[in-house]
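# Fold and contact review
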Amino acid sequence: QVQVVESGGGFVQTGASLRLSCIASGSTFNKYALAWYRQAPGKERESVAAISWSGRNTYYSDSGKGRFTVSRENAKNTVYLQMNSLKLEDTAVYYCAVKTEDPLGGLYAYTSEYDYWGQGTQVTVSS
């Protein structure tokens, strides 16, 4: 059983920056594929970013491309999402997703490919 805990959300103004963190338990974190998703009220959960266990491969959805950066520190069992130039439409609950023991070090695009999810952290952007 893997425990996943996100943090770093909060209330910010448009144009501000925020860094989300996610800690996932386990001794094989360096083999976890990881992703960030978000869900706004009344909308379906959508992909934000993904990162392979090597950190060499990353993916960004159109909504965050050029503004968001995903990174990881395997020694700390932590993945980050740096969010810059925040917009009103970035308001959502942000979730960390984990795929354990990824044999390929690849990227995974769909929610069904991930094994564990965190409880989410709320990001609210206002003007």
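None of these values were measured; they are calculated from a predicted model. (Residues numbered from 1 in each chain as written. Predicted model: local features only at pLDDT ≥ 70, side-chain atom pairs only at ≥ 80, totals over all residues. Heavy atoms only, no water.)

### Topic: the overall build of the protein
Quick reminder of the rule: Numbering of helices and strands runs from the N terminus, with a helix taken as a DSSP run of H or I at least four residues long and a strand as a DSSP run of E at least two residues long. The reference for a compact globule is 2.2 Å times residues^0.38; the radius of gyration itself is calculated from the C-alpha atoms. Per-residue accessibility, obtained with a 1.4 Å probe over protein chains only, is compared with the maximum for each type, and a residue is labelled buried under 20%, exposed over 50%, and partly exposed between these values. Throughout, the Shrake-Rupley method with a 1.4 Å probe supplies accessible areas, and for residues the shown protein chains are the sole cover considered. For the charge count, each Lys or Arg is scored as positive and each Asp or Glu as negative, with His and the chain ends excluded. A charge is said to be at NZ when it belongs to Lys, at CZ for Arg, at CG for Asp and at CD for Glu.
Helix and strand counts for the protein stand at zero helices and 11 strands. When the helices and strands of the protein are read in sequence order from the N terminus, they spell out β-β-β-β-β-β-β-β-β-β-β. On C-alpha atoms alone, the protein measures out to a radius of gyration of 14 Å, which is about the 14 Å that the 2.2 N^0.38 rule sets for 127 residues. Counting only C-alpha atoms, the protein reaches 45 × 25 × 25 Å along its principal axes. In the protein, which comprises 127 residues, the share counted as buried stands at 46%. Roughly 6,500 Å² of accessible area belongs to the protein as shown, and the carbon and sulfur atoms make up 47% of that amount. Of the side-chain charges in the protein, 12 are positive and 11 negative, and the distance between the mean point of each set is 5 Å.

### Some thoughts on the nonpolar core
So the rule is basically this: Note on terminology: a nonpolar core comprises buried Ala, Val, Leu, Ile, Met, Phe, Trp, Tyr and Cys residues joined through side-chain atoms within 4.5 Å. Contacts were defined at the residue level, with two residues in contact if any of their heavy atoms lie within 4.5 Å.
Trp 36, Leu 81 and Tyr 94 are the most contacted members of the largest nonpolar core, which has 28 residues in total. For this core, the secondary structure elements donating two or more residues are strand E3 (18–24), strand E4 (33–39), strand E5 (46–51), strand E7 (68–73), strand E8 (78–83), strand E9 (92–99) and strand E11 (121–126). In contact with Leu 81, other than residues within four places in its own chain, are Leu 18, Arg 19, Leu 20, Trp 36, Val 48, Ala 49, Phe 68, Thr 69, Val 70 and Tyr 94.

### Thoughts on the pairing of strand E2 (residues 10–13)
Note the cut-off: The pairing criterion is simple: DSSP has to find at least two bridges between the two strands.
A one-sided burial pattern is seen for E2, the buried positions being Gly 10 and Val 12 and the unburied ones Phe 11 and Gln 13. Relative to E11, E2 is paired through four bridges, and the arrangement is parallel. Directly across from Gly 10, in E11, lies its bridge partner Val 123.

### Looking at the state of the cysteines
Where we set the bar: When the sulfur atoms of two cysteines come within 2.5 Å, that pair is taken as a disulfide.
Applying the stated criterion to the full structure yields one disulfide. Here Cys 22 is linked by a disulfide to Cys 96, with a sulfur-sulfur distance of 2.1 Å. On the sign convention where negative means left-handed, the S-S torsion of about -80° between Cys 22 and Cys 96 marks this disulfide as left-handed. Here Cys 22 is found in strand E3, whereas its partner Cys 96 is found in strand E9, with 74 residues between them in sequence.

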